[in-house]
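This is what each chain is made of:
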Amino acid sequence: MSDPPEIVPVPKPRSRYLRQLSSSERYGVLSCPDFKAVTQTASEGETDVKHEEDSPDPQDVKTSCREMLPKPESLFISSSSSFDDCPATPDSLSNDQHHSDKASFTDQVMGVQTDVCINGEIYNLPRSQDLQNNADGPNIPRAATIHVSRKKKTLSGLRQTTECVVAQSSWLDVWKGRKHNVLWATLDGHTMSLWKKRTDKFTEYVFHVTSITNIREQDQGRFSIHLQKKHFEFMAHSEDVRQRWLMSLYSTRGREPLTEPKQRGPLIMKEPRKKVYTAIRGYSFWIYNSKEDYSVGLGMMCVSMNIACVKSTGRHSFSLITPYRTFNFSADSAKETSVWLERLDEVIRSALSYSEVALRLRSSPCNKVCADCGAANPECASVNLLVVICEACAAAHRFMSSNRSKVRGLRLDDKVWTEPLIQLFVLYGNKAASSVWGPSIPPTEQIRPDVSPDQRLEFILAKYHKGLYRKAHPLATSQKLLDQRLREVAAGPDVEETLSLLCSGARVSCSATDPELQSAISVAESAGQALQTELLRHNEFVEAPDFEQTRHSEEQIEELHGKLDEERFLFSQENESAACDVLDLTEVISVFDCSVGQSHEFEVLLLTDSVICRAAERDALLSHMLHIMKIVLAGAVVEEDLLGVCAVSRASIREGAALQCAEVWCTLQDGEMSIHTKHGSTDTVTLDSQTRCHLQRSENCILLEFPDRTLHMQFELQHSCLRWHELVQKTMCSSTDGQKRSGSVPCSIDRCISHITQYGLKVDGLYRRCGVAPRISKLVDALRVSPRGTVLETDELSILDISGALKQILRQSFEIIPDTHRPLWLKAAAVSDEEQRLQTYRKLLQQLPPVNRATLDALCGHLHIVQMHSQENRMTAHNLAVIFVVTLFQELAMKAAMMQLTKELIVRHTEIFMNQVETDGEIITVL
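Residues numbered from 1 in each chain as written. Predicted model: local features only at pLDDT ≥ 70, side-chain atom pairs only at ≥ 80, totals over all residues. Heavy atoms only, no water.

A word on the overall build of the protein chain
Along the backbone of the protein chain there are 31 helices and 39 strands. For the protein chain, long-range pairs separated by at least 24 residues make up 62% of all intrachain contacts whose partners lie at least 6 apart in sequence. For the protein chain, the accessible surface area stands at approximately 41,100 Å², while carbon and sulfur atoms represent 50% of it. (Helix = DSSP H or I, 4+ residues; strand = E, 2+ residues; numbered from the N terminus. Contact = heavy atoms within 4.5 Å. Areas by Shrake-Rupley, 256 points an atom, 1.4 Å probe, with all protein chains shown as cover.)

Some details on helix H15 (residues 479-490)
In this model, H15 (12 residues) spans 17 Å end to end at C-alpha, consistent with the 16 Å of a helix rising 1.5 Å per residue. Among the residues of H15, Leu482, Asp483, Arg485, Leu486, Arg487, Val489 and Ala490 are the ones counted as buried. (Expected span 1.5 Å × (residues − 1). Buried < 20%, exposed > 50% of the residue type's maximum accessible area, 1.4 Å probe, protein only.)

Brief notes about the sheet that holds strand S14 (residues 263-269)
With respect to topology, seven strands assemble into an open sheet ordered S18-S16-S15-S14-S21-S20-S19, the strand pairing being antiparallel. Each of the sheet's edge strands pairs with one partner strand only, and the pair in question is strand S18 (301-304) and strand S19 (309-312). With strand direction ignored, the average angle separating the axes of adjacent strands in the sheet is 35°. Summarising the sheet, strand S15 (residues 274-281) and strand S16 (residues 284-288) pair through five bridges and their orientation is antiparallel. (Pairing = 2+ DSSP bridges. Axes fitted to C-alpha atoms, helices over the stretch in contact; angles between N-to-C directions.)

Focus: the sheet that holds strand S22 (residues 380-382)
In spatial order, the strands read S23-S22-S24; together these three strands make up an open sheet with antiparallel pairing. On the outer flanks of this sheet lie strand S23 (387-389) and strand S24 (407-409), each paired with one strand and no other. Strand-to-strand, the axes of this sheet are offset by a mean angle of 30°, without reference to chain direction. In this sheet, S24 lies alongside S22 in antiparallel orientation, the contact comprising three bridges. Of the residues in S24, the one forming a bridge with Ala381 is Arg408. Sheet strands touched by helix H11 (residues 391-399): S22, S23 and S24. Its angle to S23, the strand with the most contacts, is close to 120°.

Quick look at the pattern of salt bridges
Applying the stated criterion across every chain, the model contains 31 salt bridges. Between Glu655 and Arg709 there is a salt bridge, with its nearest N and O atoms 3.2 Å apart. Of this pair, Glu655 sits in strand S31 (residues 647-655) while Arg709 sits in the loop between strand S36 (701-705) and strand S37 (710-715), and the two are 54 residues apart along the sequence. Across the pair Glu835 and Arg842 runs a salt bridge whose closest N-O atoms are separated by 3.8 Å. (Salt bridge = Lys/Arg side-chain N within 4 Å of Asp/Glu carboxyl O.)

Quick notes on the environment of Glu904
For Glu904, the position within the fold is in helix H30 (residues 896-907). In this structure the C-alpha to C-alpha distance between Glu904 and His864, which are 40 residues apart in sequence, comes to 9.9 Å. Not counting chain neighbours up to four residues away, the residues in contact with Glu904 comprise Arg837, Tyr841, His909 and Ile912.

What follows is the structure, given as structure tokens:
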């Protein structure tokens, strides 16, 4: 394999990486030559595609790199006006990963300063100027990191295989041209794949090892791979990882190249809509970004045809369906579409087994891969566990014996495959079984098809014999309730709950304990439920799993640096170094604020990991915590609802004596617990002196008794349960006063004020312009029912609707200034001396009920902020007083004195509401 002509390399993350590199040979391949020589001998013909990888001018690279040396740890951001003049660095390249019109909320909270490189000069800008310069550029990444203590648990024996020198996998920092990302990289000896997440089924990039033209060794954990005109820069978190990758890559030399494609050409791919180049190679369907990428050998993803099916969706379009994703394509003509369908169907047919049972089972996409290791084209099944598995996993299932797993072949055991059993696998099969037996398998413990037999056996024993990854039924703690529920469910069509009950240890026959009870099989037969009967018969004499409450694990504490990246938490051993691991935030099950005094900490819990995050400042900590909570709660809440949250956890909740439960997310804040369902609805309950909280430690359950309802909360981890019990008890103690809660602003009003303050201060004619009446009425009703769960939009028309809703709620809900108090306010407005008039206002404020006083304070404070932005919204204090005097004083609104009073409440809000005044010899602190 000969070396290609030299090309300009991508400049390195920090100045210390710009040292001259060794030119010694290793494994017969030259390492990267001297940097100056590279810049001087760059071949114009070896540059990448312009829109993806434009290389900077060599002279600019040398000049800029010299100027970078005095500031080795700077974060470089390329503004849109100087993008071509500033050399790309790994730190700056991370900005190109995501594009946005404005900086994120958390970046604004942290107030990060950045160094900007413009025309080779370095400038230090404050956040405001930086945001302005990058308004049309890429998102500014979170520059500050949080210190992380991670207590990681890994099942003993479940280790990554290192027996084969060719196979390799790890997290790597990756640069392709100017684009930076942290990706999970795998090498199986034939293809190298780069994945966004370890659990993803389709790659970001994939290429065959025979497409590699050169491998270059560099320093500081770096190496590069060249594919003709394209190249990737990699950085491993340690020298040992880099050496393993290099050894594996060198060992792939001499492999057989890919076969010539049976069909290739451009297609339009929908979702996202883009033009791609595709090719059928062997039993795989390769998708490339462009024809040039095809010629280079750099693919986006590779789809295995033995787990796919194809169907026509129109004259010019067709769909390629896999268990994980459906790809929709369109061709230029009906003839071309027909050719593609014919070729794909031919490849799929030759890749599949023609066993009748296998064909019927594989009509369900999830049954086309092994339920345990993901191997394609499985040939066996466990008829009681309802999983389709490969031959290798079937051997491990047989090791558990037939009273745990009844393994049958798809080709040979024809007698066992009755029509109801086939229907069970077609309708449920791997999809339902995986949701019961393996919904919480950590990515580090999930096995692949190429694992050793010992690893495979240990994983399958952990999954089915010990039940370590199962999703327990809510009634799993009571054998009596489990058996009772199984008989109830057997009479209906809910096979998935039956499977969940069996997984949790429900007994099909209770004759040994109570001969008079009818068995679940008899109940299913009487009800005519053929599928239920079939499943129960195969589980009649099966032993229940030996559920272990704790894992025998190896614990280790790691001190790392953590940095948030969209839905991921990147871990590195040193600040600003390459990532050594990545945590998927969608796997988080609990977040707790653990700050005490000057210690700013929060805890993140997963099923297998415990992460303690620490920051020097409170704002940085809260911004990270808020980001994680928004990810785990998905779109169920809006940002302002999360402010002040001290705990968020996933739990199963059932109410009263009901047997059924719902999986929800719960948040705790300010004496309230909010329950968020997967459908987006929110239920808020108040925790006060009338609430009773009982801990059921053995069941990881908390019992909350309210005057009108009882809630059972079951958590997945005992630690989550204990922390919630502690925080709920503390919240109830702090809420026993009652005066604090009785003096708070109604939630619906507070929600509107907060939202308008955050998004509507620059809306022209705010409160003067009217929204749409039907939408306002609908919004008012929603805010009254669920103020925290109501979704509020941020566009201008929606802000006008919200302002109209606020005015309507203030007029209809209650009188802010009661009728009996208004004459006193009229008399106070007539006082000529200004200081005496303001002092009278303060006295009258003390006479208002606590809720009224708090609401008036919040409203006038909000209007004070609105009039401060009058240049943008054209709402002066006088204009606001004209609008709200009717809301405050109703029939007295026509009097000029009341207009002036309302204006004073707005303009002089701080003096009236926030001052400490002396009245009749006693000190009164006004709010």
